[in-house]
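Close look at the chain arrangement
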Amino acid sequence: MRLPNARDLNEEQERVYLYAPEDGRVLVSGPPGTGKTVLAVLRAMEAAKKGRRTAVAMFNRMLEAYACRLPDGIGSLEAQGIQVRTVRQLFKELWFGLRVPPAANAALILLDTSFDEREKVKELGAKWKPAIWAPWSPKSGKSRGYSWTVEPDEYWRNPGAFSRWSPTSDLPASEESEFAVDWDTVTRHLLKHQSVARWDALSIDKLIIDEGQDFPPEFFRLLRLMSEGVIGPEGRPLAVMVLADENQRLSAKQHSTISDIETALAIPASRHYHLRTNFRNTRQVALVAQHFFAGANTGIPLLPERRGPTPEMRRCESVQTAVEQIVTYQRNNPKHEIGVLIPDDDTARRAYFDALRTAAAPSSVRVQTYAFRDPEFNQPKRHLVFDEPAVTVLNRASCKGLEFDAVFVVNIHAARIEEGQEDFFKMGMYVMSARARRSLALLWVGRPSDRPQVLGLMPRAPAIRILA
Ligand SMILES: Nc1ncnc2c1ncn2[C@@H]1O[C@H](COP(=O)(O)OP(=O)(O)OP(=O)(O)O)[C@@H](O)[C@H]1O
(Lines give C-alpha, C1' and ligand atoms only; values in the text may rest on other atoms or scores of the structure.)
Protein backbone atom coordinates (compact mmCIF):
# COMPACT_ATOMS: atom_id res chain seq x y z
CA MET A 1 0.00 0.00 0.00
CA ARG A 2 1.04 3.60 -0.45
CA LEU A 3 1.87 5.16 2.85
CA PRO A 4 2.26 8.92 3.04
CA ASN A 5 4.80 10.24 5.47
CA ALA A 6 3.37 11.31 8.83
CA ARG A 7 4.49 14.86 7.91
CA ASP A 8 2.12 14.80 4.88
CA LEU A 9 -1.02 14.16 6.89
CA ASN A 10 -3.64 16.87 6.64
CA GLU A 11 -5.15 18.52 9.68
CA GLU A 12 -8.07 16.12 10.16
CA GLN A 13 -5.73 13.11 9.85
CA GLU A 14 -3.22 14.70 12.19
CA ARG A 15 -5.91 15.10 14.81
CA VAL A 16 -6.22 11.31 14.86
CA TYR A 17 -2.56 10.50 14.42
CA LEU A 18 -1.26 12.89 17.07
CA TYR A 19 -4.12 13.44 19.47
CA ALA A 20 -6.54 10.47 19.54
CA PRO A 21 -6.30 8.82 22.99
CA GLU A 22 -4.18 5.68 23.24
CA ASP A 23 -6.48 3.95 25.70
CA GLY A 24 -10.17 3.04 25.74
CA ARG A 25 -12.11 3.22 22.50
CA VAL A 26 -11.81 5.54 19.51
CA LEU A 27 -13.83 5.69 16.27
CA VAL A 28 -12.60 7.20 12.99
CA SER A 29 -15.16 7.51 10.20
CA GLY A 30 -14.71 8.78 6.69
CA PRO A 31 -15.65 8.08 3.09
CA PRO A 32 -13.45 6.16 0.61
CA GLY A 33 -9.94 7.44 0.05
CA THR A 34 -9.77 9.63 3.14
CA GLY A 35 -6.86 7.71 4.68
CA LYS A 36 -8.51 5.36 7.18
CA THR A 37 -6.24 2.41 6.33
CA VAL A 38 -3.26 4.77 6.25
CA LEU A 39 -4.10 5.95 9.78
CA ALA A 40 -4.70 2.40 10.98
CA VAL A 41 -1.20 1.46 9.82
CA LEU A 42 0.54 4.64 11.03
CA ARG A 43 -1.08 4.43 14.44
CA ALA A 44 -0.17 0.76 14.73
CA MET A 45 3.46 1.56 13.89
CA GLU A 46 3.48 4.34 16.46
CA ALA A 47 1.94 2.12 19.16
CA ALA A 48 4.44 -0.67 18.41
CA LYS A 49 7.33 1.82 18.67
CA LYS A 50 6.09 2.67 22.15
CA GLY A 51 6.24 -0.99 23.06
CA ARG A 52 2.51 -1.72 22.88
CA ARG A 53 1.58 -5.12 21.55
CA THR A 54 -0.57 -4.20 18.60
CA ALA A 55 -2.76 -5.94 16.03
CA VAL A 56 -4.37 -4.51 12.92
CA ALA A 57 -7.44 -6.56 12.10
CA MET A 58 -8.94 -6.52 8.65
CA PHE A 59 -12.21 -7.76 7.27
CA ASN A 60 -10.81 -10.09 4.65
CA ARG A 61 -7.60 -11.75 3.50
CA MET A 62 -7.14 -9.41 0.55
CA LEU A 63 -6.96 -6.36 2.77
CA GLU A 64 -4.77 -8.26 5.18
CA ALA A 65 -2.33 -9.03 2.34
CA TYR A 66 -2.52 -5.45 1.04
CA ALA A 67 -1.84 -3.86 4.43
CA CYS A 68 1.11 -6.18 5.03
CA ARG A 69 2.98 -4.75 2.05
CA LEU A 70 4.50 -1.44 2.93
CA PRO A 71 6.65 0.73 0.68
CA ASP A 72 10.33 -0.18 0.45
CA GLY A 73 12.41 1.08 3.32
CA ILE A 74 9.65 0.89 5.93
CA GLY A 75 9.86 -2.83 6.62
CA SER A 76 6.84 -5.05 7.00
CA LEU A 77 4.36 -4.55 9.83
CA GLU A 78 5.11 -8.03 11.11
CA ALA A 79 8.81 -7.17 11.29
CA GLN A 80 7.81 -4.27 13.53
CA GLY A 81 6.04 -6.68 15.85
CA ILE A 82 2.55 -5.79 14.63
CA GLN A 83 0.13 -8.62 13.99
CA VAL A 84 -1.93 -8.25 10.81
CA ARG A 85 -4.84 -10.64 10.70
CA THR A 86 -8.42 -10.98 9.68
CA VAL A 87 -10.71 -10.44 12.67
CA ARG A 88 -11.87 -14.01 12.39
CA GLN A 89 -8.36 -15.44 12.45
CA LEU A 90 -7.30 -13.20 15.34
CA PHE A 91 -10.25 -14.28 17.49
CA LYS A 92 -9.98 -17.90 16.43
CA GLU A 93 -6.40 -18.00 17.65
CA LEU A 94 -7.39 -16.24 20.87
CA TRP A 95 -10.37 -18.52 21.42
CA PHE A 96 -8.32 -21.71 21.02
CA GLY A 97 -5.56 -20.27 23.17
CA LEU A 98 -7.99 -19.46 26.02
CA ARG A 99 -8.93 -23.14 26.16
CA VAL A 100 -12.39 -22.43 27.50
CA PRO A 101 -14.76 -25.44 27.62
CA PRO A 102 -16.82 -26.12 24.47
CA ALA A 103 -19.63 -23.73 23.64
CA ALA A 104 -23.07 -25.33 23.46
CA ASN A 105 -23.71 -24.63 19.75
CA ALA A 106 -20.17 -25.22 18.50
CA ALA A 107 -19.89 -27.29 15.32
CA LEU A 108 -16.55 -28.81 16.25
CA ILE A 109 -14.96 -29.96 19.49
CA LEU A 110 -11.20 -30.40 19.75
CA LEU A 111 -9.21 -32.51 22.17
CA ASP A 112 -5.66 -31.93 23.30
CA THR A 113 -4.53 -35.53 22.88
CA SER A 114 -1.01 -36.81 22.89
CA PHE A 115 0.13 -39.35 20.30
CA ASP A 116 0.34 -42.04 22.96
CA GLU A 117 -3.31 -41.66 23.92
CA ARG A 118 -4.70 -41.85 20.41
CA GLU A 119 -6.27 -45.29 20.87
CA LYS A 120 -8.12 -44.18 24.01
CA VAL A 121 -9.79 -41.19 22.34
CA LYS A 122 -10.56 -43.26 19.25
CA GLU A 123 -12.47 -45.73 21.43
CA LEU A 124 -14.61 -42.84 22.67
CA GLY A 125 -15.52 -41.88 19.11
CA ALA A 126 -12.95 -39.14 18.48
CA LYS A 127 -11.59 -38.70 14.96
CA TRP A 128 -8.28 -37.44 13.74
CA LYS A 129 -8.66 -34.53 11.36
CA PRO A 130 -5.34 -33.44 9.96
CA ALA A 131 -6.85 -30.41 8.24
CA ILE A 132 -8.02 -28.87 11.51
CA TRP A 133 -5.59 -26.46 13.02
CA ALA A 134 -5.08 -26.85 16.76
CA PRO A 135 -2.69 -24.46 18.46
CA TRP A 136 -1.33 -27.08 20.81
CA SER A 137 -0.33 -29.58 18.15
CA PRO A 138 3.47 -29.42 17.79
CA LYS A 139 4.96 -28.27 14.52
CA SER A 140 7.29 -31.24 14.36
CA GLY A 141 7.78 -34.65 15.94
CA LYS A 142 5.65 -37.76 16.18
CA SER A 143 2.33 -36.08 16.86
CA ARG A 144 2.85 -33.23 14.39
CA GLY A 145 -0.40 -31.79 13.16
CA TYR A 146 -2.57 -34.21 15.11
CA SER A 147 -5.97 -32.72 15.83
CA TRP A 148 -8.42 -34.99 17.50
CA THR A 149 -12.01 -33.91 17.21
CA VAL A 150 -15.27 -35.26 18.48
CA GLU A 151 -18.75 -34.66 17.10
CA PRO A 152 -20.80 -32.39 19.41
CA ASP A 153 -23.58 -35.03 19.85
CA GLU A 154 -21.02 -37.58 20.96
CA TYR A 155 -19.35 -35.12 23.29
CA TRP A 156 -22.51 -33.81 24.97
CA ARG A 157 -23.71 -37.36 25.67
CA ASN A 158 -20.86 -37.69 28.16
CA PRO A 159 -18.66 -34.58 28.51
CA GLY A 160 -16.90 -36.00 31.58
CA ALA A 161 -15.34 -38.80 29.51
CA PHE A 162 -13.33 -36.23 27.55
CA SER A 163 -12.42 -33.82 30.31
CA ARG A 164 -8.83 -35.06 30.76
CA TRP A 165 -8.04 -33.86 27.20
CA SER A 166 -9.10 -30.24 27.91
CA PRO A 167 -11.87 -30.15 25.29
CA THR A 168 -12.48 -26.87 23.58
CA SER A 169 -14.52 -25.83 20.56
CA ASP A 170 -14.26 -23.79 17.41
CA LEU A 171 -15.55 -20.22 17.53
CA PRO A 172 -19.35 -20.50 17.62
CA ALA A 173 -20.77 -19.82 14.14
CA SER A 174 -23.84 -17.67 13.59
CA GLU A 175 -26.97 -19.30 12.24
CA GLU A 176 -26.76 -17.22 9.05
CA SER A 177 -23.42 -18.53 7.87
CA GLU A 178 -20.72 -20.90 9.01
CA PHE A 179 -18.22 -18.14 8.24
CA ALA A 180 -19.88 -15.55 10.47
CA VAL A 181 -19.16 -15.68 14.18
CA ASP A 182 -21.93 -15.69 16.79
CA TRP A 183 -20.38 -12.88 18.84
CA ASP A 184 -23.14 -12.84 21.47
CA THR A 185 -22.40 -16.47 22.32
CA VAL A 186 -18.68 -15.71 22.40
CA THR A 187 -19.31 -12.87 24.87
CA ARG A 188 -21.60 -14.92 27.14
CA HIS A 189 -19.19 -17.84 27.09
CA LEU A 190 -16.18 -15.70 27.97
CA LEU A 191 -18.10 -14.00 30.78
CA LYS A 192 -19.03 -17.40 32.14
CA HIS A 193 -15.50 -18.81 31.91
CA GLN A 194 -13.59 -15.59 32.58
CA SER A 195 -11.88 -17.04 35.63
CA VAL A 196 -10.63 -20.27 34.00
CA ALA A 197 -9.67 -18.81 30.63
CA ARG A 198 -5.92 -18.76 30.00
CA TRP A 199 -5.70 -15.04 29.42
CA ASP A 200 -2.01 -15.09 28.67
CA ALA A 201 -3.24 -16.19 25.21
CA LEU A 202 -4.32 -12.59 24.59
CA SER A 203 -1.12 -11.47 22.94
CA ILE A 204 -2.09 -7.84 22.30
CA ASP A 205 -3.12 -4.79 24.25
CA LYS A 206 -4.07 -2.60 21.30
CA LEU A 207 -6.47 -3.60 18.54
CA ILE A 208 -7.08 -1.53 15.42
CA ILE A 209 -10.02 -2.61 13.25
CA ASP A 210 -10.29 -1.44 9.64
CA GLU A 211 -13.58 -1.60 7.67
CA GLY A 212 -15.48 -1.70 10.96
CA GLN A 213 -18.85 -1.34 9.18
CA ASP A 214 -18.64 -5.00 8.14
CA PHE A 215 -18.89 -6.36 11.67
CA PRO A 216 -22.14 -6.61 13.62
CA PRO A 217 -22.86 -4.58 16.79
CA GLU A 218 -22.49 -7.76 18.92
CA PHE A 219 -18.80 -7.84 17.99
CA PHE A 220 -18.35 -4.27 19.19
CA ARG A 221 -20.19 -5.03 22.44
CA LEU A 222 -17.59 -7.75 23.09
CA LEU A 223 -14.77 -5.29 22.35
CA ARG A 224 -16.30 -2.79 24.74
CA LEU A 225 -16.27 -5.34 27.57
CA MET A 226 -12.68 -6.22 26.72
CA SER A 227 -11.66 -2.58 26.72
CA GLU A 228 -13.41 -2.01 30.07
CA GLY A 229 -11.54 -4.96 31.56
CA VAL A 230 -14.76 -6.91 32.21
CA ILE A 231 -13.61 -9.63 29.83
CA GLY A 232 -9.89 -10.26 29.59
CA PRO A 233 -6.79 -10.48 31.73
CA GLU A 234 -6.92 -8.62 35.00
CA GLY A 235 -5.43 -5.14 34.83
CA ARG A 236 -4.85 -5.30 31.07
CA PRO A 237 -7.82 -3.70 29.31
CA LEU A 238 -7.69 -3.77 25.53
CA ALA A 239 -7.41 -0.42 23.74
CA VAL A 240 -9.56 -0.35 20.59
CA MET A 241 -9.55 1.89 17.53
CA VAL A 242 -12.20 1.33 14.85
CA LEU A 243 -12.13 2.85 11.36
CA ALA A 244 -15.35 2.64 9.39
CA ASP A 245 -17.55 3.92 6.58
CA GLU A 246 -21.13 2.75 6.74
CA ASN A 247 -21.66 3.57 3.05
CA GLN A 248 -19.30 0.74 2.16
CA ARG A 249 -21.19 -2.02 3.93
CA LEU A 250 -20.74 -5.41 2.37
CA SER A 251 -23.76 -7.34 3.44
CA ALA A 252 -27.35 -6.50 4.14
CA LYS A 253 -27.20 -8.78 7.20
CA GLN A 254 -23.92 -8.63 9.13
CA HIS A 255 -22.93 -5.01 9.45
CA SER A 256 -23.01 -1.92 11.65
CA THR A 257 -23.90 1.67 10.97
CA ILE A 258 -21.75 4.40 12.50
CA SER A 259 -24.38 4.97 15.13
CA ASP A 260 -24.47 1.20 15.92
CA ILE A 261 -20.71 1.32 16.51
CA GLU A 262 -20.94 4.48 18.63
CA THR A 263 -23.62 2.87 20.78
CA ALA A 264 -22.05 -0.59 21.08
CA LEU A 265 -18.64 0.84 21.96
CA ALA A 266 -20.09 3.76 24.00
CA ILE A 267 -18.06 6.30 22.04
CA PRO A 268 -18.63 9.91 23.07
CA ALA A 269 -18.47 12.66 20.41
CA SER A 270 -15.02 13.66 21.65
CA ARG A 271 -13.66 10.23 20.65
CA HIS A 272 -15.28 10.12 17.22
CA TYR A 273 -12.99 11.60 14.53
CA HIS A 274 -14.28 12.52 11.07
CA LEU A 275 -12.25 12.46 7.85
CA ARG A 276 -13.51 14.22 4.73
CA THR A 277 -10.65 14.77 2.27
CA ASN A 278 -10.47 12.27 -0.57
CA PHE A 279 -6.81 11.63 -1.47
CA ARG A 280 -7.44 8.78 -3.88
CA ASN A 281 -9.79 9.68 -6.70
CA THR A 282 -9.79 12.32 -9.40
CA ARG A 283 -12.71 14.71 -9.31
CA GLN A 284 -14.29 12.88 -12.28
CA VAL A 285 -14.10 9.47 -10.55
CA ALA A 286 -15.37 10.95 -7.29
CA LEU A 287 -18.40 12.41 -9.11
CA VAL A 288 -19.37 8.97 -10.43
CA ALA A 289 -18.85 7.37 -7.01
CA GLN A 290 -21.01 10.14 -5.55
CA HIS A 291 -23.83 9.10 -7.91
CA PHE A 292 -23.96 5.74 -6.13
CA PHE A 293 -23.79 7.25 -2.68
CA ALA A 294 -26.55 5.68 -0.64
CA GLY A 295 -26.84 8.55 1.77
CA ALA A 296 -25.83 7.08 5.10
CA ASN A 297 -24.08 8.93 7.88
CA THR A 298 -20.36 8.87 7.09
CA GLY A 299 -20.96 11.51 4.44
CA ILE A 300 -19.64 12.27 0.97
CA PRO A 301 -15.98 13.19 0.80
CA LEU A 302 -15.09 16.69 -0.30
CA LEU A 303 -14.66 16.63 -4.08
CA PRO A 304 -10.98 16.40 -4.95
CA GLU A 305 -9.26 19.02 -7.13
CA ARG A 306 -7.12 16.54 -9.07
CA ARG A 307 -8.52 16.05 -12.60
CA GLY A 308 -8.50 13.04 -14.92
CA PRO A 309 -10.41 11.47 -17.80
CA THR A 310 -14.20 11.31 -17.71
CA PRO A 311 -15.28 7.79 -16.70
CA GLU A 312 -17.01 5.75 -19.40
CA MET A 313 -19.87 3.32 -19.60
CA ARG A 314 -19.42 0.99 -22.53
CA ARG A 315 -21.56 -1.71 -24.12
CA CYS A 316 -19.53 -4.67 -25.35
CA GLU A 317 -20.71 -7.34 -27.80
CA SER A 318 -19.30 -10.16 -25.68
CA VAL A 319 -17.08 -10.96 -22.72
CA GLN A 320 -14.26 -11.30 -25.24
CA THR A 321 -14.80 -7.73 -26.48
CA ALA A 322 -14.76 -6.48 -22.88
CA VAL A 323 -11.53 -8.39 -22.28
CA GLU A 324 -9.99 -6.86 -25.42
CA GLN A 325 -10.88 -3.38 -24.13
CA ILE A 326 -9.03 -4.09 -20.90
CA VAL A 327 -6.02 -5.63 -22.61
CA THR A 328 -5.77 -2.67 -25.00
CA TYR A 329 -5.81 -0.31 -22.03
CA GLN A 330 -3.10 -2.36 -20.35
CA ARG A 331 -0.90 -2.28 -23.46
CA ASN A 332 -1.27 1.48 -23.69
CA ASN A 333 -0.57 1.91 -19.97
CA PRO A 334 1.88 -0.86 -19.11
CA LYS A 335 2.87 0.67 -15.78
CA HIS A 336 -0.68 0.84 -14.41
CA GLU A 337 -2.25 -1.29 -11.74
CA ILE A 338 -5.60 -2.35 -13.18
CA GLY A 339 -8.55 -3.66 -11.22
CA VAL A 340 -11.24 -5.72 -12.98
CA LEU A 341 -14.13 -5.81 -10.55
CA ILE A 342 -17.28 -7.90 -10.73
CA PRO A 343 -20.47 -7.31 -8.74
CA ASP A 344 -20.15 -10.68 -6.97
CA ASP A 345 -20.45 -13.53 -9.45
CA ASP A 346 -17.75 -16.11 -8.99
CA THR A 347 -18.33 -17.85 -12.31
CA ALA A 348 -17.94 -14.52 -14.09
CA ARG A 349 -14.81 -13.73 -12.04
CA ARG A 350 -13.20 -16.95 -13.15
CA ALA A 351 -14.30 -16.45 -16.78
CA TYR A 352 -12.81 -12.93 -16.90
CA PHE A 353 -9.65 -14.11 -15.19
CA ASP A 354 -9.12 -16.99 -17.64
CA ALA A 355 -9.92 -14.85 -20.67
CA LEU A 356 -7.64 -12.02 -19.50
CA ARG A 357 -4.81 -14.42 -18.76
CA THR A 358 -5.06 -15.87 -22.26
CA ALA A 359 -5.43 -12.52 -23.99
CA ALA A 360 -2.54 -10.94 -22.08
CA ALA A 361 -0.27 -13.97 -22.44
CA PRO A 362 1.98 -12.60 -25.22
CA SER A 363 3.11 -9.86 -22.82
CA SER A 364 4.71 -10.37 -19.44
CA VAL A 365 1.93 -8.57 -17.59
CA ARG A 366 0.81 -10.28 -14.45
CA VAL A 367 -2.87 -11.31 -14.31
CA GLN A 368 -3.96 -12.32 -10.81
CA THR A 369 -7.09 -13.14 -8.88
CA TYR A 370 -8.38 -14.06 -5.46
CA ALA A 371 -11.45 -15.91 -4.24
CA PHE A 372 -12.00 -17.23 -0.75
CA ARG A 373 -13.57 -20.44 -2.02
CA ASP A 374 -11.09 -21.09 -4.83
CA PRO A 375 -8.32 -23.27 -3.35
CA GLU A 376 -6.02 -22.34 -6.25
CA PHE A 377 -6.27 -18.63 -5.50
CA ASN A 378 -7.19 -18.11 -1.84
CA GLN A 379 -3.79 -17.21 -0.41
CA PRO A 380 -3.37 -13.56 -1.38
CA LYS A 381 -0.37 -13.02 0.89
CA ARG A 382 1.50 -15.59 -1.18
CA HIS A 383 0.05 -15.07 -4.64
CA LEU A 384 -0.69 -11.41 -5.14
CA VAL A 385 1.45 -8.37 -5.78
CA PHE A 386 0.36 -4.82 -4.99
CA ASP A 387 1.79 -1.48 -6.06
CA GLU A 388 3.24 -3.07 -9.20
CA PRO A 389 1.83 -3.27 -12.73
CA ALA A 390 -0.76 -6.07 -12.80
CA VAL A 391 -4.31 -6.86 -13.82
CA THR A 392 -6.22 -7.99 -10.72
CA VAL A 393 -9.61 -9.66 -11.13
CA LEU A 394 -11.81 -9.55 -8.02
CA ASN A 395 -15.34 -9.83 -6.83
CA ARG A 396 -16.84 -6.77 -5.15
CA ALA A 397 -16.42 -8.23 -1.68
CA SER A 398 -12.67 -8.70 -2.14
CA CYS A 399 -11.85 -5.26 -3.52
CA LYS A 400 -12.66 -3.35 -0.33
CA GLY A 401 -9.94 -1.03 0.84
CA LEU A 402 -7.79 -1.58 -2.28
CA GLU A 403 -6.98 0.87 -5.05
CA PHE A 404 -5.88 0.76 -8.69
CA ASP A 405 -4.81 3.32 -11.30
CA ALA A 406 -7.64 2.08 -13.52
CA VAL A 407 -10.79 0.21 -12.60
CA PHE A 408 -13.05 -1.70 -14.97
CA VAL A 409 -16.33 -2.67 -13.33
CA VAL A 410 -17.49 -5.50 -15.60
CA ASN A 411 -20.53 -7.73 -16.01
CA ILE A 412 -22.87 -5.15 -14.58
CA HIS A 413 -25.70 -6.26 -16.89
CA ALA A 414 -25.90 -9.52 -14.92
CA ALA A 415 -26.48 -7.90 -11.53
CA ARG A 416 -29.86 -8.89 -10.10
CA ILE A 417 -31.23 -6.48 -7.58
CA GLU A 418 -33.63 -8.00 -5.13
CA GLU A 419 -36.57 -5.98 -3.91
CA GLY A 420 -35.53 -3.54 -1.21
CA GLN A 421 -31.84 -4.18 -1.96
CA GLU A 422 -31.26 -1.28 -4.34
CA ASP A 423 -29.22 0.59 -1.72
CA PHE A 424 -26.90 -2.39 -1.29
CA PHE A 425 -26.39 -2.65 -5.04
CA LYS A 426 -25.55 1.05 -5.14
CA MET A 427 -23.23 0.66 -2.17
CA GLY A 428 -21.41 -2.10 -4.06
CA MET A 429 -21.03 0.20 -7.09
CA TYR A 430 -19.88 2.99 -4.75
CA VAL A 431 -17.18 0.76 -3.26
CA MET A 432 -16.00 -0.52 -6.66
CA SER A 433 -15.89 2.82 -8.48
CA ALA A 434 -14.11 4.50 -5.56
CA ARG A 435 -11.15 2.07 -6.02
CA ALA A 436 -9.98 4.03 -9.11
CA ARG A 437 -7.19 6.54 -8.71
CA ARG A 438 -7.56 7.88 -12.26
CA SER A 439 -9.52 5.89 -14.87
CA LEU A 440 -12.89 4.26 -14.48
CA ALA A 441 -14.95 2.26 -16.98
CA LEU A 442 -18.24 0.44 -16.45
CA LEU A 443 -18.66 -2.36 -18.99
CA TRP A 444 -21.77 -4.34 -19.83
CA VAL A 445 -22.33 -7.06 -22.36
CA GLY A 446 -25.40 -7.19 -24.60
CA ARG A 447 -27.03 -6.20 -27.87
CA PRO A 448 -27.74 -2.53 -28.64
CA SER A 449 -31.46 -3.18 -28.07
CA ASP A 450 -30.94 -4.74 -24.62
CA ARG A 451 -31.90 -2.65 -21.62
CA PRO A 452 -30.59 -4.47 -18.54
CA GLN A 453 -32.38 -3.47 -15.34
CA VAL A 454 -29.27 -1.92 -13.79
CA LEU A 455 -28.71 0.63 -16.55
CA GLY A 456 -31.46 2.73 -15.00
CA LEU A 457 -29.28 3.13 -11.90
CA MET A 458 -26.14 4.22 -13.74
CA PRO A 459 -24.89 7.81 -13.92
CA ARG A 460 -25.61 9.88 -17.02
CA ALA A 461 -23.68 12.33 -19.15
CA PRO A 462 -21.84 14.58 -18.50
CA ALA A 463 -20.60 12.66 -15.39
CA ILE A 464 -20.01 9.67 -17.64
CA ARG A 465 -19.28 9.15 -21.35
CA ILE A 466 -21.68 6.61 -22.81
CA LEU A 467 -20.18 4.44 -25.52
CA ALA A 468 -22.28 1.85 -27.31
N1 LIG B 1 -2.19 12.86 3.71
C2 LIG B 1 -2.07 12.17 2.58
N3 LIG B 1 -1.25 12.59 1.61
C4 LIG B 1 -1.12 11.90 0.46
N5 LIG B 1 -1.79 10.76 0.17
C6 LIG B 1 -2.61 10.29 1.11
C7 LIG B 1 -2.81 10.96 2.36
N8 LIG B 1 -3.71 10.25 3.08
C9 LIG B 1 -4.06 9.19 2.32
N10 LIG B 1 -3.40 9.21 1.15
C11 LIG B 1 -3.52 8.23 0.05
O12 LIG B 1 -4.88 8.14 -0.29
C13 LIG B 1 -5.19 6.81 -0.70
C14 LIG B 1 -6.36 6.32 0.11
O15 LIG B 1 -5.99 6.06 1.46
P16 LIG B 1 -6.67 4.87 2.30
O17 LIG B 1 -6.66 3.63 1.49
O18 LIG B 1 -6.04 4.87 3.63
O19 LIG B 1 -8.15 5.43 2.39
P20 LIG B 1 -9.42 4.72 3.10
O21 LIG B 1 -10.15 5.80 3.82
O22 LIG B 1 -8.97 3.56 3.88
O23 LIG B 1 -10.25 4.28 1.84
P24 LIG B 1 -11.35 3.11 1.71
O25 LIG B 1 -12.48 3.45 2.63
O26 LIG B 1 -11.74 3.17 0.27
O27 LIG B 1 -10.68 1.83 2.06
C28 LIG B 1 -3.91 6.00 -0.53
O29 LIG B 1 -3.26 5.91 -1.77
C30 LIG B 1 -3.11 6.83 0.44
O31 LIG B 1 -1.73 6.61 0.28
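All figures in this text were calculated on a predicted structure; none of them were measured in a lab.

Parameters at a glance
Residues numbered from 1 in each chain as written. Predicted model: local features only at pLDDT ≥ 70, side-chain atom pairs only at ≥ 80, totals over all residues. Heavy atoms only, no water. Salt bridge = Lys/Arg side-chain N within 4 Å of Asp/Glu carboxyl O. Helix = DSSP H or I, 4+ residues; strand = E, 2+ residues; numbered from the N terminus. Buried < 20%, exposed > 50% of the residue type's maximum accessible area, 1.4 Å probe, protein only. Pairing = 2+ DSSP bridges. Axes fitted to C-alpha atoms, helices over the stretch in contact; angles between N-to-C directions. Near = heavy atom within 4 Å. Polar contact = N/O pair within 3.5 Å; in protein donor to acceptor, adjacent residues only side chain to side chain. Areas by Shrake-Rupley, 256 points an atom, 1.4 Å probe, with all protein chains shown as cover. 1 Å grid on protein atoms, 1.4 Å probe; cavity = no way out; pocket = protein on both sides within 12 Å on 5 of 7 lines; lining within 4 Å. Sits in = over half its atoms within 2 Å of the grid points. Core = buried A, V, L, I, M, F, W, Y, C linked by side-chain atoms within 4.5 Å. Contact = heavy atoms within 4.5 Å. UniProt positions renumbered as here; feature names shortened; annotations may be inferred. Domains from an automatic or database assignment. Buried area = accessible area lost by both parts, 1.4 Å probe. Nonpolar A, V, L, I, M, F, W, Y, C, P; charged D, E, K, R; others polar.

**Quick look at the pattern of salt bridges**
- Within the structure shown, the criterion is met by 35 salt bridges.
- Two residues, E403 and R280, come together in a salt bridge whose shortest N-O distance is 2.6 Å. Residue E403 is found in the loop between β14 (390–395) and β15 (404–409), and its partner R280 is found in the loop between β10 (272–274) and α10 (283–291); the two are separated by 123 residues along the sequence. Of the two residues, E403 and R280, both sit in the buried class.

**Here's the deal with the sheet that holds strand β16 (residues 436–445)**
- If you trace the seven strands from one edge of the open sheet to the other, you get β13-β14-β12-β15-β16-β11-β17, paired in parallel fashion. Strands with a single pairing partner mark the edges of an open sheet, and in this sheet they are β13 (367–369) and β17 (465–467). Averaged over all neighbouring strand pairs, the angle between strand axes comes to 20°, with direction disregarded.
- Bridge count for strand β11 (residues 312–316) against β16 is five bridges, and the pairing is parallel.

**A short note on the site of the ligand**
- Neighbouring residues of the ligand: 20 residues in total, closest R2, Q13, K36, E403 and R435.
- Contacts to the ligand include Q13, whose side-chain N or O atom sits 2.8 Å from a nitrogen atom.
- Separating an oxygen atom of the ligand from a side-chain N or O atom of K36 is a distance of 2.7 Å.
- Protein coverage of the free-state accessible area of the ligand, which is 640 Å², stands at 90%.
- At a threshold of 2 Å from the grid points, most atoms of the ligand map onto the second largest pocket.
- Looking at which element gives the most residues to the shell around the ligand, the answer is helix α2 (residues 36–49), with three residues.

**Quick look at the nonpolar core**
- One finds M429, L442 and M458 to be the most contacted residues of the largest nonpolar core, which totals 67 residues.
- Per element, the largest residue contribution to this core is eight residues, and it comes from α2.
- Once you skip the residues sitting within four places of it in the chain, M429 turns out to touch F292, V409, I412, L442 and M458.
- Core analysis: the second largest hydrophobic core is formed by 39 residues, A57, W95, V242 and A264 among them.

**Examining the UniProt feature "binding site: ATP" (unreviewed entry) in the protein chain**
- In the numbering used here, UniProt assigns the feature "binding site: ATP" (unreviewed entry) to G30, P31, P32, G33, T34, G35, K36 and T37. In the annotated group above, the largest cavity draws its lining from P32.
- Examined against the element boundaries, P31 turns out to sit in the loop between β1 (25–29) and α2.
- Assessed through its relative accessible area of 1%, P31 is described here as buried.
- Here T37 is to be found in helix α2.
- Overall, T37 belongs to the buried group, its relative accessible area being 11%.

**Notes on the domain arrangement of the protein chain**
- Each assigned domain of the protein chain is listed here: domain 1 (6–93 + 181–274), domain 2 (108–169) and domain 3 (283–467).
- Computed over C-alpha atoms, the centres of domain 1 and domain 3 are 28 Å apart.
- Contacts between the two partners involve 30 residues from domain 1 and, on the opposite side, 32 residues from domain 3.
- At the boundary of domain 1 with domain 3, total buried surface from both sides reaches about 2700 Å², with 59% on carbon and sulfur atoms.
- Among the residues of domain 1 in contact with domain 3, R61, M62 and N247 are the three that bury the most area, contributing 29% of the side total.
- For E64, the salt bridge is made with K381, and the minimal N-O distance between the two is 3.3 Å.
- The greatest single-element share of the side of domain 1 that touches domain 3, amounting to seven residues, is contributed by helix α3 (residues 61–68).
- When grouped by side-chain class, the residues that make up the side of domain 1 that touches domain 3 number 12 nonpolar, nine polar and nine charged.

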